[in-house]
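Chain residues, written in single-letter form:
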Amino acid sequence: MEGKINKSFCIQPFVNVTTRMKGQNNVCCNIKSLDSNIKHETPYGFFNSDRVKDFKKSLLKGEIRKECTVCLYQENKSEYSQRTEYNKYYNIKNNQPNEYYEKIVSKLGISKLKNPLYYEFHISNLCNLKCLTCNETDSSRFHAENKKLGISENIDANYAELDETKIQALKSAITDDLLFLDIRGGETLMVPEVKKVLLDVDAERAKNITLKIQTNGTIVPDKGWTEILQKFKRTKISVSIDAFGDDNHYVRYPADWKKILHTIEHLETNKINFIINTVVSNLNIMVLDRLFNWIQEKKYHNYFYLLYGPSIWRPNNLPKDLLDIAKKRLQNVKMQFVNVDCNEKLSDLIDLCDNPDTDKDWDGFCKEIQMRDTYRKNSITSVMPEIKEYINA
């Protein structure tokens, strides 16, 4: 008899360590528990800890973990989440009996790993942008703005600084077992210490590692970075773009569209693989059609996912009339993405427009927008003129 269907299994804790900006070690980027930190536990030590072992055992049993709220939210709104995407990346089927996952873990030999295959490091918040959906921990400019507005959670923090603990954690993770190195910011291309560490990685070891760098696209990789991007086995540049043209300038303030196009041209010329990564929020859902049409016209690979938090930015935290407009525009987008999964995700996104957020925090959205727009001398009506009659309602 077929066993219980497991809807919780995720490959990440079996192969990955994520280190967040403050040094917290976690099993994936969506979990922000604070019980491990590189100040007292290396990524290697965390990966082999009893806490992680227990986490893995619970996933094999199909238990739902309270830490996994982001993926649970995403799967409630569509068929996709980062959990399902990571499983798919490793050719692991989703929603199978427990026995299936036990066999997979055994067959792949991942239960015996001593070092992670995948290391993700949010290493510095040094950044030249202050995207509306970001936060002070992940952007130095956002942090500076919060201090000017008198709302900073930690005025004296310096998340941009790379102390010796962070540098050694990065170096220690680059082992012979490592297959994927994912470095995020902030804006990684602005951090000289990271560039130095990667330039110093032995060429033979680099040939076995896929390097992933997340960038906002406003900085063209210099000679050193271009050398780095060409010496690893594979390189994946994730260019974060949330809207087309001037709309992106507002959402990912103050992004320069011409600079982004220049960066993409540089990547194409140097045959460096890249993907367009988009966070879907209520700030861009009404203008995503323009971005998606451009991506399809250029035949770029792309990926997009629903923002989970802060909840004021959730894509369906909008008045129903505005969601109806978003739906009509998205319905006019062709199902012709190079990444075919995005065609199904687009269909889910259209359906989402029929379901306003039941925990809607429209007042919180309006308050935040008015505060940021006043300080930045911007106006959300430049992106969504239709919102004007609702913003103070």
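Residues numbered from 1 in each chain as written. Predicted model: local features only at pLDDT ≥ 70, side-chain atom pairs only at ≥ 80, totals over all residues. Heavy atoms only, no water.

Engineer: Can you break down the environment of Gln 230 residue by residue, with the values?
Structural biologist: Position of Gln 230 among the secondary structure elements: in helix α11 (residues 223-231). With relative accessibility at 47%, the residue Gln 230 sits in the partly exposed group. The sequence separation of Gln 230 and Asn 273 amounts to 43 residues, and the corresponding C-alpha distance is 9.8 Å. (Helix = DSSP H or I, 4+ residues; strand = E, 2+ residues; numbered from the N terminus. Buried < 20%, exposed > 50% of the residue type's maximum accessible area, 1.4 Å probe, protein only.)

Engineer: Lay out the environment of Phe 121 with the relevant residues and their values.
Structural biologist: Mapped onto the fold, Phe 121 is located in strand β5 (residues 118-122). Measuring from C-alpha to C-alpha, the distance between Phe 121 and Leu 181 comes to 8.1 Å, with 60 residues separating the pair along the chain. Beyond its immediate stretch of four places on either side in the chain, Phe 121 contacts Thr 19, Arg 20, Ile 38, Lys 166, Ala 169, Leu 170, Asp 182, Ile 183 and Arg 184. (Contact = heavy atoms within 4.5 Å.)

Engineer: For empty space enclosed by the protein, give the residues involved together with the corresponding values.
Structural biologist: Tallied over the full model, the rule gives four cavities of 30 Å³ or more. There is about 250 Å³ of room inside the largest cavity. Around the largest cavity, the lining is made up of 25 residues, and of these Ser 8, Cys 10, Cys 68, Cys 71 and Arg 83 lie nearest the centre. Within the residue set of the lining of the largest cavity, elements represented by two or more residues are α1 (12-15), α3 (50-60), α4 (69-77) and α5 (82-89). Ranked by residue count, the leading element in the lining of the largest cavity is α4, at five residues. (1 Å grid on protein atoms, 1.4 Å probe; cavity = no way out; pocket = protein on both sides within 12 Å on 5 of 7 lines; lining within 4 Å. Points joined across faces, edges and corners; volume = space filled by probe spheres on them.)

Engineer: Which residues make up the sheet that holds strand β3 (residues 25-26), and what values do they have?
Structural biologist: Read from one edge of the open sheet, eight strands run β3-β2-β5-β6-β7-β8-β9-β10, paired in mixed fashion. Each edge of the open sheet carries a strand with a single partner, namely β3 and β10 (302-306). Sheet topology note: the strand β2 (residues 16-19)/β5 ladder contains four bridges and is parallel. Paired with Val 17 across the two strands is Tyr 119, which belongs to β5. This element, α11, spans β7 (210-215) and β8 (234-240) of the sheet and lies at about 140 degrees to β7. (Pairing = 2+ DSSP bridges. Axes fitted to C-alpha atoms, helices over the stretch in contact; angles between N-to-C directions.)

Engineer: So what's going on with the pairing of β5? Which residues, and what values?
Structural biologist: Regular strands place their side chains on alternate faces of the sheet. Across the five residues that make up β5, a large majority, five, are buried. Burial along β5 is two-sided: Tyr 118, Glu 120 and His 122 and Tyr 119 and Phe 121, pointing in opposite directions, are all buried. Summarising the sheet, β5 and strand β6 (residues 180-184) pair through five bridges and their orientation is parallel. Following the sheet pairing, Glu 120 is matched in β6 by Asp 182.

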